[in-house]
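A closer look at the structure
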Amino acid sequence: MTPEQFSGIGMTSQRTRDRLVQRLQEQGIENQALLDIIRTTPRHIYLDEALAHRAYEDSALPIGFQQTLSQPYIVARMTELLFAAGAPARVLEVGTGSGYQTTILARMPGVEQVFSVERIQPLLEKARDRLRSLRIYNVQCRLADGAMGWAEKAPFDGILSAAAPREIPAELIEQLAIGGRLVSPEGDDREQHLVVITRTDDGFERQIIEPVRFVPLLSGVIRR
Ligand code: SAH
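Computed from a prediction, not measured in an experiment: that's the story for all the values here.

Glancing now at the pattern of salt bridges. Taken as a whole and assessed by the stated rule, the structure comprises 10 salt bridges. With a shortest N-O distance of 3.1 Å, glutamate 210 and arginine 77 are connected by a salt bridge. Within this pair, whereas glutamate 210 is found in strand 9 (residues 203-211), its partner arginine 77 is found in helix 4 (residues 72-82), the two being separated by 133 residues in sequence. Like arginine 77, glutamate 210 is buried.

Right, let's get into the site of the ligand. Taken together, 25 residues form the shell around the ligand, and within it Ser98, Glu118, Asp145, Gly146 and Leu218 come nearest. At 2.6 Å from an oxygen atom of the ligand is found a side-chain nitrogen or oxygen belonging to glutamate 118. Within the backbone of arginine 119, an N or O atom sits 3.4 Å from a nitrogen atom of the ligand. The fraction of the free accessible surface of the ligand (570 Å²) that becomes covered by protein chains is 100%.

Between helix 4 and helix 5 (residues 100-107), whose axes approach to 11 Å, the crossing angle comes to 35°. Considering the relative orientation of helix 4 and helix 5, their crossing is right-handed. On helix 5, the residues touching Val75, Thr79 and Leu82 of helix 4 are Tyr100, Gln101, Ile104 and Leu105. Of the residues that constitute the contact of helix 4 with helix 5, the class distribution is 5 nonpolar, 2 polar and no charged.

A separate point is the pairing of strand 6 (residues 156-161). Where burial is concerned, most of strand 6 is hidden: 5 out of the 6 residues are buried. Two elements, strand 3 (residues 90-94) and strand 6, share 4 bridges in a ladder whose sense is parallel. In the strand pairing of strand 6, glutamate 93 is matched with leucine 160. Here strand 6 runs beside strand 7 (residues 176-187); their pairing, made up of 4 bridges, is parallel.

We now examine the packing of aromatic side chains. In the structure shown here, the tally under the stated rule is 3 aromatic pairs. Arranged with centres 5.3 Å apart and planes meeting at 75°, the rings of tyrosine 46 and tyrosine 100 form a pair that is edge-to-face. Separated by 54 residues along the polypeptide, tyrosine 46 in the loop between helix 3 (32-40) and strand 1 (61-64) and tyrosine 100 in helix 5 bring together distant segments of the chain. The pair tyrosine 46 / tyrosine 100 is uniform in exposure class, with both members buried. Plain terms: the ring middles of phenylalanine 115 and tryptophan 150 are 5.6 Å apart, the flat faces sit at 80° to each other, and that makes the pair edge-to-face. Of this pair, phenylalanine 115 sits in strand 4 (residues 113-118) while tryptophan 150 sits in the loop between strand 5 (139-143) and strand 6; the two residues are 35 residues apart in sequence, bridging distant segments of the chain.

Buried residues dominate helix 5, accounting for 7 of its 8 residues. Among all positions of helix 5, only Tyr100, Gln101, Thr102, Thr103, Ile104, Leu105 and Ala106 are buried.

This part is about helix 2 (residues 14-26). Because an α-helix completes one turn every 3.6 residues, residues spaced three or four positions apart along the sequence face the same direction. Taking 1.5 Å of rise per residue, the 13 residues of helix 2 would be expected to cover 18 Å, and the 19 Å separating its terminal C-alpha atoms lies within 8% of that figure. Taken residue by residue, helix 2 has Thr16, Arg17, Leu20, Val21 and Leu24 as its buried positions. Angular distribution of buried residues about the axis of helix 2 spans 145°; they occupy a single face of the element. The outward face of helix 2, more than 90 degrees from its buried face, is lined by the exposed residues Arg15 and Glu26. Glycine 28 lies just past helix 2 and shows a positive phi near 100°.

In this section: the nonpolar core. Core analysis: the biggest nonpolar cluster contains 48 residues, and Leu24 and Ile38 have the highest contact counts within it. Mapped by element, the contributors of at least two residues to this core are helix 2, helix 3, strand 1, helix 4, helix 5, helix 6 (121-133), strand 5 and strand 8 (192-200). The leading source of residues in this core is helix 4, at 7 residues. In contact with isoleucine 38, not counting residues within four places along its chain, are Arg17, Leu20, Val21, Leu24, Ala76, Tyr100 and Ile104.

As for its placement among the helices and strands, alanine 144 is situated in the loop between strand 5 and strand 6. Sequence-wise, alanine 144 and alanine 85 are 59 residues apart; in three dimensions their C-alpha atoms are separated by 29 Å. When sequence neighbours within four positions are dropped, the list of residues in contact with alanine 144 reads Val117, Glu118, Arg119 and Val221.

The rules we used
Residues numbered from 1 in each chain as written. Predicted model: local features only at pLDDT ≥ 70, side-chain atom pairs only at ≥ 80, totals over all residues. Heavy atoms only, no water. Salt bridge = Lys/Arg side-chain N within 4 Å of Asp/Glu carboxyl O. Helix = DSSP H or I, 4+ residues; strand = E, 2+ residues; numbered from the N terminus. Buried < 20%, exposed > 50% of the residue type's maximum accessible area, 1.4 Å probe, protein only. Near = heavy atom within 4 Å. Polar contact = N/O pair within 3.5 Å; in protein donor to acceptor, adjacent residues only side chain to side chain. Areas by Shrake-Rupley, 256 points an atom, 1.4 Å probe, with all protein chains shown as cover. Axes fitted to C-alpha atoms, helices over the stretch in contact; angles between N-to-C directions. Left-handed = near helix turned anticlockwise from the far one by under 90°. Contact = heavy atoms within 4.5 Å. Nonpolar A, V, L, I, M, F, W, Y, C, P; charged D, E, K, R; others polar. Pairing = 2+ DSSP bridges. Phe/Tyr/Trp six-rings, centres within 6.5 Å; stacked < 30°, edge-to-face > 60°. Expected span 1.5 Å × (residues − 1). Arc of directions from axis to C-beta. Core = buried A, V, L, I, M, F, W, Y, C linked by side-chain atoms within 4.5 Å.

Structure, rendered in structure tokens:
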């Protein structure tokens, strides 16, 4: 990647990114480290060139295979919730997609390793390339059905899902460390809510945050 592709020009410039961060602050995002990381992460490289000029709109954008790059507000909100009680050292992400949310998580202070699972191979491969081009090395990706989590790497201090199950799978919840938090949408295509589940010494606490709209968590793996 050339320096110009990385830093962006015109609608993909630093100034456009600054405006996005200002909007996120107006929407109530307060985590300063997170806002700084969004400010310095080029979102346009996670999109096809034809869509790059829309990268700093606060909207979800298509990445192919009927999937979307999550809306910046949602990426910020979920990350803030995941970090609300301190930084998780080991994080599991379900639904790598473009790799944008993965990048934000990997760059957050206190995060040591991100384990990211995606079921669509071509998306996963592109995301891997982007992470490499940004020199982000604390991410391990895996082609698999993320509903099962990643048992070999568990327990996780944080779990974040970018796709909505009807009900958050028990396998996933069980891979939380004590004190760990899971942030995920839950519901069907008519009604979904963002949910936070915290594992305590003697069980799980569940909190419903706000209505959201995510692509569904689907089963099975798609190979190229
Ligand atoms: N955070 C991503 C969001 C991508 S959309 C981004 O900002 O780009 C959600 C992603 O979840 C899609 O890529 C979809 O393929 C993936 N997904 C859906 N069901 C899944 C499952 N069971 N396991 C792993 N990934 C899944």
